[in-house]
Amino acid sequence: MLSHFVKAKFLVLVVLVALFAGLAFFSTDYDTRGGTVGPACPIKVYGRCYREQEIRRLVSYFEISRNLLLIEFAGSLFGENRLDSDPTDFVTNLIILRREAERLGIEPTDEEAKEAIRTAPIFSIQTMINDEILEQNILAPRGLTKADLVQLGKDYLCWRKLGDLLEAGNAPVPVELEKSYTRQYQQFTASLAELSIDAYRDKATVTDADIQKYYDENKDNLLTDEKRGLTLIKFAPPAEAEGMTNEAKAQQRLDFNNRVNEIYAQLAEDESRFAELAKGLSADPANKFPITVEEVPAFAKVSPPESLKDKTELLDDLFSGARSIEAGVAVSVPFPLPEGGYLLFKLTQVVKPVGLTLDEAREQIKTALTNQKANLLVNEAATAARAKILEALEAGKPAAEAAKAAGVELKPLPPFSQSEPPAKIEGADTLVAAALGTKKGSVSDVLPLPLGKGYRFLVVDKVELVESPDADSRKSSLRISAAGDYRRAIYQAWFDKRRREAGVSRAGSVASQEPEAPVPAPAGDAPAES
């Protein structure tokens, strides 16, 4: 009897050891199996590891908040003034937001959250959106439910309430508002001198030795343009029958969007059958609208075919480094057209760049060197002219005489301010910035003209704050704007401290691999991602 008990106890111990080993395996921060699986803990916040499934759900909250046009909320958690599309910070910041709201006892009700969603900006723009469209085109494609939408509403309300609490008792300093008002509305009277690079190209001498030297130093970068070919499918919107009601038009538009979505899903699901499926599209009776399929030979991004010349977003996607002819990334999402249709493509060919010979690159090099030397000459001329005019002003002499002696023309500008920049002048904002940094009776720094066309500078004759009957309303608007900036600054400083306390760590980007398309609505938005 005792021997049976000992054997059973030993078996239990073995099972327990195996169980704890398995738990340890699954709870480790990084994948120990090797291969290309990658980190098992992409994000850790407050010491807790968040894994892929949880993260994908939180990334969906970012995408939905943008669909609903909760732009300020999404931007605040994503990170303002960023140019990338990595939502990792949004995910970690949303986790921290929820923890801080709980700590401070901020608990919006379900009804409050539903009301917050109902009043999202998208509903004032797309009045035909209803619960069915929300579920079908926003929630369902991401595996979410209405409960997730309610949770997003609570997150949004918590974010607003935290901002209210931090803003309470704090306000912009009145003297700073006055400075801001003066800066924005003070009026400048000035003259502009512009020197064009075109006048100096003939003076820029480029020798064969210069060309050879440039080629030897840069030949690894002197390449032909990469070219890409594609199969292009165009979905034209169905024609509206005479006498159709607005409701019928909206339903037809929705049916069109949904059908385009279905076709996109079929084409993307099995890219090996893309050509076969594309060929049968126009003949399919289920498609009650014109569909054309075009094989576009390889072309460079700088010289697209006529049909794609103004399709900047499509071209950026086509020539993206992430886009390749491999399955899974060769087929694009549908791109909306101004007339209401869509374009969708499959990348079929990539022609890699190759090195240019000296003869092939000669004209390109000569143009580059001519521009470099002409740019240097015009910059030197502008700098010398500025110095002469500044010297004349400091000696109490007229600026016009010094400008004439320097060979430049001073063109008087109409009075302007930061709120009303010079009209019909390229890069007017840079002139305003230069004027703000220049004293009355002085000359601004030399500024480059847009697109490398040359250089220019301002001679500021007068700076004055002109009284306006709109002064009170302008100051009120500034006060509101400044309060918003102040609120964001306080919130960001507070939240940055919370992030440090949360001990956020990440193993890389958690960006979704699928590009997001706009949300379809009867008013004419593009298809949602499938």
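Residues numbered from 1 in each chain as written. Predicted model: local features only at pLDDT ≥ 70, side-chain atom pairs only at ≥ 80, totals over all residues. Heavy atoms only, no water.

## Overview of the sheet that holds strand 6 (residues 335-336)
Working step 1: Across the sheet, 4 strands lie side by side as 5-4-7-6; this open sheet has antiparallel pairing. Either end of the sheet is taken by a strand with one partner, and the two such strands are strand 5 (291-300) and strand 6.
Working step 2: Pairing between strand 4 (residues 227-235) and strand 7 (residues 342-351): 9 bridges, direction antiparallel. Bridge assignment links Lys234 to a residue of strand 7, and that residue is Leu343.
Working step 3: Strand contacts of helix 11 (residues 246-269): strand 4, strand 5 and strand 7, with the helix running at about 25° to strand 7, the strand carrying the most contacts.
Working step 4: Contacts from helix 12 (residues 274-281) reach strand 4, strand 5 and strand 7 within the one sheet, and its direction differs from that of strand 4 by about 35°. (Pairing = 2+ DSSP bridges. Helix = DSSP H or I, 4+ residues; strand = E, 2+ residues; numbered from the N terminus. Contact = heavy atoms within 4.5 Å. Axes fitted to C-alpha atoms, helices over the stretch in contact; angles between N-to-C directions.)

## Let's talk about unusual backbone geometry
Working step 1: Positive phi is not limited to glycine here, since Tyr46 has a value of about 55°.
Working step 2: Along the chain, Tyr46 falls in the loop between strand 1 (43-45) and strand 2 (48-50).
Working step 3: Classification of Tyr46 as partly exposed rests on a relative accessible area of 24%.
Working step 4: The residue Leu451 is not glycine, and still its phi comes out positive at about 60°.
Working step 5: Counting through the fold element by element, Leu451 comes out in the loop between strand 10 (447-448) and strand 11 (454-464).
Working step 6: Overall, the relative accessible area of 75% leaves Leu451 in the exposed class. (Buried < 20%, exposed > 50% of the residue type's maximum accessible area, 1.4 Å probe, protein only.)

## Description of the sheet that holds strand 2
Working step 1: Spatial strand order, 2-1-12: 3 strands in an open sheet with antiparallel pairing. If you trace the sheet from one side to the other, it starts and ends with strand 2 and strand 12 (505-506), each paired once.
Working step 2: When strand 1 meets strand 2, the two strands line up antiparallel, connected through 3 bridges. Bridge pairing links Ile43 to Tyr50 in strand 2.
Working step 3: The strands touched by helix 2 (residues 52-67) are strand 1 and strand 2; relative to strand 2, the strand with the most contacts, the crossing angle is about 70°.

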